[in-house]
Structure formats: C-alpha cells, structure tokens
Amino acid sequence: MKKILKFSLVLVVALTAISAHAADVDFLLKVKKEQGKRITFAFNEVNKVALTIYDTNDKLINSEELNSKGIINRTYDLNALPEGTYFLEAESEFKVARYEISVDGTIASLADSPVSVVYKPVFVNKNGLISLSILNLDKSPVEIKIYDADNTEVYKSAVLTDQNVSKFFNINETELKNYTFVMSYDDKVFTESFK
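Sequence order as written defines residue numbering, which begins from 1 separately in each chain. Restriction of local features to residues with pLDDT of at least 70 applies here, the model being predicted, together with a cutoff of 80 or more for giving and counting side-chain atom pairs; totals for whole chains, interfaces and linings are based on all residues. Hydrogens and water molecules were not included; the side-chain quantities draw on all heavy atoms of the structure.

Asks: I would appreciate a short explanation of the sheet that holds strand β5 (residues 72–77) in the present structure.
Replies: Within a sheet, neighbouring strands are paired by backbone hydrogen bonds and run either parallel or antiparallel to one another. A pair of strands is treated as paired once DSSP finds two or more bridges between them. By the criteria applied, helices consist of DSSP H or I runs no shorter than four residues and strands consist of E runs no shorter than two, each listed in order from the N terminus. Pairing is antiparallel across the open sheet formed by 3 strands, whose spatial order is β1-β2-β5. What marks the edges here is a single partner per strand, and that holds for β1 (28–35) and β5. If you compare each strand with its neighbour and ignore which way they point, the axes differ by 20 degrees on average. Note on geometry: axes are lines fitted to C-alpha atoms, helical ones only across the stretch in contact, with angles between N-to-C directions running from 0 to 180 degrees.

In structure tokens form, the structure reads like this:
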C-alpha cells in the first residue's frame, strides 16, 4: 500500500537570493579562435565543467569532464563531423548551457551566446528542513516529485510556471529515512537524494 506523507509547504522568499547568487558566479564561455574545422574556446570563473557535443537528434558525439582552478581552455577538431548543426552542452555546478556549433564545408563555428540556459535546483538542508529553489527564467513547466527508498512516489507538485520556484519540505514529520527529489523542467531532469 502506498504511504501517504504530509509535507509542509511554505514559500521561501529568501531562496530567490540564493538562486540569483548562483547565477552570478557561474561560468562564461568565450570563443577564442576558429580556424577551419577547429574551434578554440575558454571558460572563465569555473572549477569544474562537463562538456558534451550532441547532434540535432541528441545523439552523443563527445563527452568529457574538465577541472581547473583558473581558466579552462579547450580546442576541438571537428574534421570528422559532416556538415550540419551540433550542440556543445556545458554543465557546471549551477547551470547547463547549450551552444550551437555550425559545420559548413571546411568551416566550423561556435556561437558566443547560448541557445538555452537551464539553472539547476538549489537545495538547503537544515536538520531535515529542506528548502528547494529553482530559477526558471523562461517560466517553463516545473514538476517536483519525491520518492521514498522503495521508489514509491510520496509527493507530486502541481505544474508550476513561476520564474522563481521555491518550496520548503519538513522531512522530520515522516517516518521514512531516505528521499529522492526529482525535478523536471526545460527538457531536463535533476535528482537529489536526502537521508
């Protein structure tokens, strides 16, 4: 039998400041050089970034994780790719940004500005009082689900379309020991587990 949990939900205005701060300290991509089908770019203000290249059907072309205490420089030779449009996805601790790569004949180019930016959910856990904040700039539909250790859904939010989604959960009021939060928005799914 499915257990029904009662979670206290309170709007937390203070979490808006946390989301805004996260957006301010995240990475900046700068295209440094394009020569033939080679593109060189750099990331500023980031310690760790996962880079992934996809085609227009979201088929994985290349993936790597980079760590640095300063500027991250990267060069990709795209000679093996046929003409078309591709996407470079850069994922940091706070956001996922997607940049368009165009391969035309013997030339490849990388856009300076992202075609999309999705900010990751921000959690704060203080003794079982969990606050969740999502910076949802384009007001896409957000759905929040919570599962117990047996993967049984114990909470499902209404579809939320606010620019700043903030929720507060008191997991001290339940007998369960493990929770997994699943947040879906902007064609992305993010998960976070708590004990």
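Asks: Whenever I open this one, the pairing of strand β11 (residues 129–135) confuses me. Can you help?
Replies: The side chains of a regular strand alternate, residue by residue, between the two faces of the sheet. The buried label goes to any residue with under 20% of its type's maximum accessible area, the exposed label to any with over 50%, and the partly exposed label to all in between, with areas taken from a 1.4 Å probe on protein chains only. Of all 7 residues in β11, 6 are buried; the element is thus mostly enclosed. Two elements, strand β10 (residues 122–126) and β11, share 5 bridges in a ladder whose sense is antiparallel. If you follow Phe123 over to β11, its bridge partner there is Leu132. In sequence, β10 turns back onto β11 through a hairpin of 2 residues, with Asn127 there showing a positive phi of about 55 degrees. Direction of pairing for β11 relative to strand β14 (residues 164–170): antiparallel, over a ladder of 7 bridges. The residue of β14 that forms the bridge with Ser133 is Ser166.

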